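What the coordinates show
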Amino acid sequence: TEKYTAVSAGNSHSLAIKPDGTLWAWGYSDHGQLGLGDTAQRKSPVQNQAVIIYSPSGTFISVAIDFGGEASFTGKTLDWSETLNGGDIQMQMRSASTQSGLSSATWYGPTGTGDWYTANGGGLNTVHNGDQWVQYKAVLTSISPYTITPTLDSITINYQQYTTSTDLTSSS
């Protein structure tokens, strides 16, 4: 049984990519649509040697996340699970006191604007302390042309809710 990571079907032909990034073609090729240099029909998959598959890389930005009040990120971590597929994931966060403020907020890594969270469990930048709204940005990169773009399977932003203390005074 053949395993493919992507399949595309034409009118009378099919193309598929295997996990190693190789391209396979089969079906009618009366117009050369299989890309094999001829117009011969193929009844079973044939590897296309002339094509190199470059998997796409991209950036994902989360929706606005409301922590329900001012949050503290001191000593807290950014945790995620991933399927790297030979690739890489880098992340940054931005925060604001209001949802509308996120669009103009600055992206931060663990120590500033010029770095990225590159490993699960990295300590969060305290610049976000006191903000209620957060977004994260994940950059997914394929390291070589024969790898599949990594996937971000889940993410957890650990935080602590600020609490306000109130002094109760009673009088007799």
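Scroll up to find the structure this text is about.
Our subject in this report is the structure included herewith. (Residues numbered from 1 in each chain as written. Predicted model: local features only at pLDDT ≥ 70, side-chain atom pairs only at ≥ 80, totals over all residues. Heavy atoms only, no water.)

1. Observations regarding the overall build of the protein chain
- For the protein chain, the count of helices and strands is zero helices and 13 strands.
- N-terminal to C-terminal, the α/β element order of the protein chain is β-β-β-β-β-β-β-β-β-β-β-β-β.
- Within the protein chain, buried positions represent 33% of all 172 residues.
- When contacts within the protein chain are restricted to residue pairs at least 6 apart in sequence, those whose partners lie at least 24 apart make up 62%.
- Of the roughly 10100 Å² that the protein chain leaves accessible, carbon and sulfur atoms contribute 50%. (Helix = DSSP H or I, 4+ residues; strand = E, 2+ residues; numbered from the N terminus. Buried < 20%, exposed > 50% of the residue type's maximum accessible area, 1.4 Å probe, protein only. Contact = heavy atoms within 4.5 Å. Areas by Shrake-Rupley, 256 points an atom, 1.4 Å probe, with all protein chains shown as cover.)

2. Digging into the side chain of K18
- Relative to the assigned elements, K18 resides in the loop between strand 2 (13–17) and strand 3 (23–27).
- When residues no more than four places from it in sequence are discounted, the contact partners of K18 are E2, K3, Y4, T5 and W24.

3. Examining the pairing of strand 1 (residues 6–9)
- Pairing geometry for strand 1 and strand 2, over four bridges, is antiparallel. Each bridged residue has a counterpart across the sheet, and for V7 the counterpart in strand 2 is A16.
- The turn joining strand 1 and strand 2, which pair antiparallel and follow one another in sequence, is formed by three residues. (Pairing = 2+ DSSP bridges.)

4. Side note on the side chain of S95
- Summarising the element assignment, S95 is placed in strand 9 (residues 87–96).
- Reaching out from S95, the side chain makes a polar contact with the side chain of H128 at a distance of 2.7 Å.
- Here D131 takes part through its side chain, which lies 2.6 Å from a polar atom of the side chain of S95.
- When residues no more than four places from it in sequence are discounted, the contact partners of S95 are L102, A105, H128, D131, W133 and V134. (Polar contact = N/O pair within 3.5 Å; in protein donor to acceptor, adjacent residues only side chain to side chain.)

5. Here we look at the packing of aromatic side chains
- For the coordinates displayed, the defined rule picks out four aromatic pairs.
- Ring geometry for F67 against Y159: centres 4.0 Å apart, planes inclined by 50 degrees, an arrangement best described as tilted. With F67 in the loop between strand 6 (65–66) and strand 7 (71–72) and Y159 in the loop between strand 12 (151–157) and strand 13 (160–161), the pair connects residues that are 92 residues apart, well separated along the chain.
- The exposure class assigned to Y159 is partly exposed, which follows from its relative accessible area of 34%.
- A connected cluster of aromatic rings, assembled from ring pairs, spans F67, F73 and Y159. (Phe/Tyr/Trp six-rings, centres within 6.5 Å; stacked < 30°, edge-to-face > 60°.)

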